[in-house]
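# Tertiary structure, described
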Amino acid sequence: YDYAHLGNLKAFLFPDILQRTLRIVCGYRVKWVLNITDIDDKTIRDSAIGSERWNPAFGEQSPDPKVNLKVLTSFYEQEFRNDLEMIGIKHSDISIMPRATDFIAEMQDLIRNIHESGYAYISEGSVYFDVAKWREKEHYGRLFAIDVEHFKSGVRIDADEYSREHVSDFVLWKAVKDAEPFWDFTVAEQQLPGRPGWHIECSAMGHALLGLPFDIHTGGVDLRFPHHEDEIAQSKAGYGVDTSTFFCHNEFLEVEGKKMSKSLGNFYTLKDLLHKGLDPLDIRFSLLSTHYASVHNFTFFGIESAK
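Residues numbered from 1 in each chain as written. Predicted model: local features only at pLDDT ≥ 70, side-chain atom pairs only at ≥ 80, totals over all residues. Heavy atoms only, no water.

A cis amide bond, omega -10°, links L212 with the succeeding residue P213. Here P213 lies in the loop between α6 (198-209) and β8 (214-220). Non-glycine residue A179 carries a positive phi angle of around 65°. Considering the arrangement of structural elements, one finds A179 in the loop between β4 (169-175) and β5 (186-187). For A179, a relative accessible area of 59% puts it in the exposed group. One non-glycine residue, E256, lies in the positive phi region at around 50°. Note on placement: E256 falls in the loop between β10 (253-255) and β11 (258-259). (Helix = DSSP H or I, 4+ residues; strand = E, 2+ residues; numbered from the N terminus. Buried < 20%, exposed > 50% of the residue type's maximum accessible area, 1.4 Å probe, protein only.)

Counting residues in hydrophobic clusters, the biggest one holds 36 residues, and the most contacted among them are I114, F129, Y140, L172 and W173. Of all the secondary-structure elements, those providing two or more residues to this core are α4 (104-116), β2 (126-129), α5 (131-137), β4, α6 and α7 (224-239). Per-element accounting of this core gives the leading share, 5 residues, to α4. If we ignore the near neighbours within four places in the chain, the residues touching Y140 are V131, W134, R135, I146, Y162, V167, F170, F225, E229, D230 and A233. Counting residues in each nonpolar core, the second largest holds 24 residues, with L9, I36, L253 and L287 among its members. (Core = buried A, V, L, I, M, F, W, Y, C linked by side-chain atoms within 4.5 Å. Contact = heavy atoms within 4.5 Å.)

Take a look at the structure:
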């Protein structure tokens, strides 16, 4: 939904080093799947008709929300691919970069499985995962120390991202809303036009492309909860197996000792730094100078040292 910033790119440098090590040092054959989230709350928000975030480079908006969604996500996907290449991540090393919208049918099948197993319910046209019922059987909080005291049984969360204070039932399928892209869907003989929630995407794509459990799942520490925790629950509930054998979460990026943010003016994309005359491979080497699970403090002195 936007240009990748430096912190985003750091999250992809770690699995790049990991897969190189597994292949070159250890001699393993590696299948690296890097999925493209081309439908979620943010992509829909930014592609909506009249959105202030619509990039003039996209051209005029279409009356069809699916067309606008595709235009926006395709543009930023290509920008992302260009950034990966510049920072030294070879496209030939990535086995596949699948788009979520190509796996809607697989997501729907998984949601039906979860509903049939008794861990999902339908409410106001949406389908939700029943966390309370799941906790009766399985541990919920394997990756993150969830504050169970704040668990809100029966409370439903539609948003893709939420805090640990909102441990509650999460959405698998979102009911259709005005001017939003949607797909037809039938569950328990009920017609539920709408679109997938964010969490369900990874479970369905991982199952289709790697088989579950696959070996290593990477991502930023901010994805441990709720995203990866929910992914574990829905995969086990729908497929009967865990998502992954190992989870490896990379830490955040700071800039000159402060959290990177647009409000502080220290928010950098790769293009921003290239405009300053920096070499992308110097940036790569700098970002790899700390352990993946440690906070990296990005400084311009660090770039000079890396050079």
